[in-house]
Amino acid sequence: MSPEELEKLAAKGSEMPDGLTAPEQLLFLSLRQLYAIYRNGRLPKDIAKAEKTKIYQEYAQNVLNHKCWVSSLERQRKLSYMIQDIRKCDCETCKKVLRIVEGI
């Protein structure tokens, strides 16, 4: 779902849709809470607008982080097929790669 669609649902106080990524979930829940607090009169409009801007800024960073994480998992999956061959190799380069992959 687009951020705009999520915001509309959040503004209505709707239930969180299924199938959202972690950044989308956080965006939705943050906006729903912000709108609820604003509607209850516990937050001035100018502060609510500023916080909404911060929420969207963090959402953009969270989307990037999530894409990097997914990409990293995919590289790890592809590399996992080669690990046994790398372990058998005795060259220094393979040993270095193995240390990096295994997090040593």
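Here goes a summary of the coordinates provided.

**Focus on the nonpolar core**
Part 1: Membership of the largest hydrophobic core is limited to eleven residues, which are L6, A10, L20, L27, F28, L31, L34, L43, A48, I55 and Y59.
Part 2: Listing elements by their share of this core, those giving two or more residues are α1 (3-12), α2 (22-39) and α3 (45-80).

**Comments concerning the side chain of E7**
Part 1: On the secondary structure map, E7 appears in helix α1.
Part 2: For E7, the side chain forms a polar contact with the side chain of Y35, separated by 2.5 Å.
Part 3: Setting aside residues up to four positions removed in sequence, E7 forms contacts with L31, Y35, K52 and Y56.

**Focus on the pattern of salt bridges**
Part 1: On inspection of all chains with the given rule, the structure shows five salt bridges.
Part 2: Here K52 ties to E7 by a salt bridge, and the two come within 2.5 Å at their closest N and O atoms. Here K52 is found in helix α3, whereas its partner E7 is found in helix α1, with 45 residues between them in sequence.
Part 3: K52 sits in the partly exposed class, given a relative accessible area of 26%.
Part 4: With a relative accessible area of 14%, E7 lands in the buried category.
Part 5: The residue E102 makes a salt bridge to R87 at a minimum N-O spacing of 2.3 Å. Note that E102 is positioned in the segment after α5 (92-101) and R87 in helix α4 (residues 83-88), a separation of 15 residues in sequence.
Part 6: Residue E102 is classed as partly exposed on the basis of its relative accessible area of 36%.
Part 7: Three or more residues are tied together by salt bridges with common partners; here these are D90, E92 and K95.

**Points about the packing of α2 against α3**
Part 1: Between α2 and α3, the shortest axis-to-axis distance is 9 Å and the interhelical angle comes to 175°. In terms of orientation, α2 lies roughly antiparallel with respect to α3. Residue-level contacts link P23, E24, L26, L27, S30, L31, L34, Y35 and Y38 of α2 to K45, A48, E51, K52, I55, Y56, Y59, N62, V63 and H66 of α3.
Part 2: Among the residues forming the contact of α2 with α3, the class breakdown is twelve nonpolar, three polar and four charged.

About the criteria used
Residues numbered from 1 in each chain as written. Predicted model: local features only at pLDDT ≥ 70, side-chain atom pairs only at ≥ 80, totals over all residues. Heavy atoms only, no water. Core = buried A, V, L, I, M, F, W, Y, C linked by side-chain atoms within 4.5 Å. Buried < 20%, exposed > 50% of the residue type's maximum accessible area, 1.4 Å probe, protein only. Helix = DSSP H or I, 4+ residues; strand = E, 2+ residues; numbered from the N terminus. Polar contact = N/O pair within 3.5 Å; in protein donor to acceptor, adjacent residues only side chain to side chain. Contact = heavy atoms within 4.5 Å. Salt bridge = Lys/Arg side-chain N within 4 Å of Asp/Glu carboxyl O. Axes fitted to C-alpha atoms, helices over the stretch in contact; angles between N-to-C directions. Parallel < 35°, antiparallel > 145°, perpendicular 65-115°, else oblique. Nonpolar A, V, L, I, M, F, W, Y, C, P; charged D, E, K, R; others polar.

It is worth stressing that arrangement in space is one thing and function is another; only the former is reported here.
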